[in-house]
Amino acid sequence: IGMQIMSSAGFNPNAMASFFERLQKYSRLYDNNAPAYLRTHPLTTERIADMQNRAANLSHKQVTDSMTFQLMRTKLRVLNQIPTAAITEYTDAIHDKRYSSLTSVQYGLTLALMQAQHYNEAEAAYNKLVNLEIKNPIIDSLGAKIKQNSGDIAGALQRYREARKRWPNYRPLVYNYADAMIKAGQPDEAIKLMTELITLYPDDYHLYQ
């Protein structure tokens, strides 16, 4: 049933076997202290083989990763590394042309430079990213955040305003925009913006924060 749901939802059913193989690998480290789920659902080789056989009988369908997915995956990689290590990784990838998406690796380098507080270099890397002419709110958010973190609040507000015109419904952008307003001494403007959005998205706790 789980595989049928995955396939109907557009996910690769082979991922189920891969996921359980990973669980099996790490469950061996627990020995007798395995989590309850693993004790009640033993990850036998036979079960995994059965998943693989079932997946082989399902129709194969390739799905191209969206740019948003690629950028978010890169963001998670960068945020889970030491910034200097991430800078080296993405600098080398760009130099050696080891990438499937230049936009995502350039984004990774830009984010890593910002995390390392190398704001001038991050701004230069961001300009190269913009020149790739890939339109995405995650990229615009990063550009504004570089200005904000470097202390250029006026520049950050300008970028947030421009980005909101392009992506009026992208809420992660608005969270940082409101934060920049507060830092710029414009709390009333931030309150006004949040109040408007709470009307549209009453369940978004970030807006209340």
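Everything below is about the structure printed above this text.
This write-up is about the structure you can find in this document. What you are looking at is a predicted structure, and each value in this text was computed from that prediction instead of being measured. (Residues numbered from 1 in each chain as written. Predicted model: local features only at pLDDT ≥ 70, side-chain atom pairs only at ≥ 80, totals over all residues. Heavy atoms only, no water.)

## Some remarks on the overall build of the protein chain
So, point 1. Looking only at helices and strands, the protein chain features 13 helices and 0 strands.
So, point 2. Listing the helices and strands of the protein chain from first to last along the sequence gives α-α-α-α-α-α-α-α-α-α-α-α-α.
So, point 3. Over its C-alpha trace the protein chain gives a radius of gyration of 22 Å, far above what one expects of a compact globule, namely 17 Å for 209 residues.
So, point 4. When its C-alpha atoms are laid out on the principal axes, the protein chain stretches across 60 × 45 × 40 Å.
So, point 5. In the protein chain, buried positions account for 35% of the 209 residues.
So, point 6. Surface exposure of the protein chain reaches about 13,400 Å², of which carbon and sulfur atoms provide 52%.
So, point 7. The centroid of the 24 positive side-chain charges in the protein chain is displaced by 2 Å from the centroid of its 20 negative side-chain charges. (Helix = DSSP H or I, 4+ residues; strand = E, 2+ residues; numbered from the N terminus. Rg over C-alpha atoms; globule rule 2.2 N^0.38 Å. Buried < 20%, exposed > 50% of the residue type's maximum accessible area, 1.4 Å probe, protein only. Areas by Shrake-Rupley, 256 points an atom, 1.4 Å probe, with all protein chains shown as cover. Lys, Arg positive; Asp, Glu negative; His and termini not counted. Charge placed at Lys NZ, Arg CZ, Asp CG, Glu CD.)

## Observations concerning the pattern of salt bridges
So, point 1. Counted under the stated rule, the structure contains 9 salt bridges.
So, point 2. Of the charged contacts in the structure, one is a salt bridge between Glu123 and Arg159, with a shortest N-O distance of 2.5 Å. Of this pair, Glu123 sits in helix 8 (residues 119–131) while Arg159 sits in helix 10 (residues 153–166), and the two are 36 residues apart along the sequence.
So, point 3. With a relative accessible area of 16%, Glu123 lands in the buried category. (Salt bridge = Lys/Arg side-chain N within 4 Å of Asp/Glu carboxyl O.)

## Observations regarding the packing of aromatic side chains
So, point 1. One pass over the structure, following the stated rule, counts 2 aromatic pairs.
So, point 2. Between Phe19 and Phe20, the ring centres sit 5.6 Å apart and the planes meet at 75°, which makes this aromatic pair edge-to-face.
So, point 3. By relative accessible area, which is 48% here, Phe19 ends up partly exposed.
So, point 4. Phe20 sits in the buried class, given a relative accessible area of 9%.
So, point 5. Between the NZ or CZ atom of Arg47 and the centre of the ring of Phe20, over which it lies, the distance is 5.8 Å.
So, point 6. Directly above the aromatic system of Tyr201 lies the positively charged group of Arg171, at a separation of 3.8 Å from the ring centroid. (Phe/Tyr/Trp six-rings, centres within 6.5 Å; stacked < 30°, edge-to-face > 60°. Lys NZ or Arg CZ within 6 Å of the ring centre and 35° of its normal.)

## Section: the side chain of Asp204
So, point 1. Relative to the assigned elements, Asp204 resides in the loop between helix 12 (187–200) and helix 13 (205–208).
So, point 2. Overall, Asp204 belongs to the buried group, its relative accessible area being 7%.
So, point 3. Within polar-contact distance, the side chain of Asp204 engages the side chain of Arg171 at 3.0 Å.
So, point 4. Those residues in contact with Asp204 that lie beyond four places of it in its chain are Arg171 and Tyr175. (Polar contact = N/O pair within 3.5 Å; in protein donor to acceptor, adjacent residues only side chain to side chain. Contact = heavy atoms within 4.5 Å.)

## Notes on unusual backbone geometry
Both trends apply: most residues other than glycine have a negative phi, and most peptide bonds are in trans.
So, point 1. Here the phi dihedral of Gln117 falls at roughly 65°; this positive angle occurs in a residue that is not glycine.
So, point 2. Mapped onto the secondary structure, Gln117 falls in the loop between helix 7 (102–115) and helix 8.
So, point 3. Although it is not a glycine, Glu133 sits at a positive phi angle of roughly 60°.
So, point 4. Mapped onto the elements of the fold, Glu133 is located in the loop between helix 8 and helix 9 (137–150).
So, point 5. The exposure class assigned to Glu133 is exposed, which follows from its relative accessible area of 64%.

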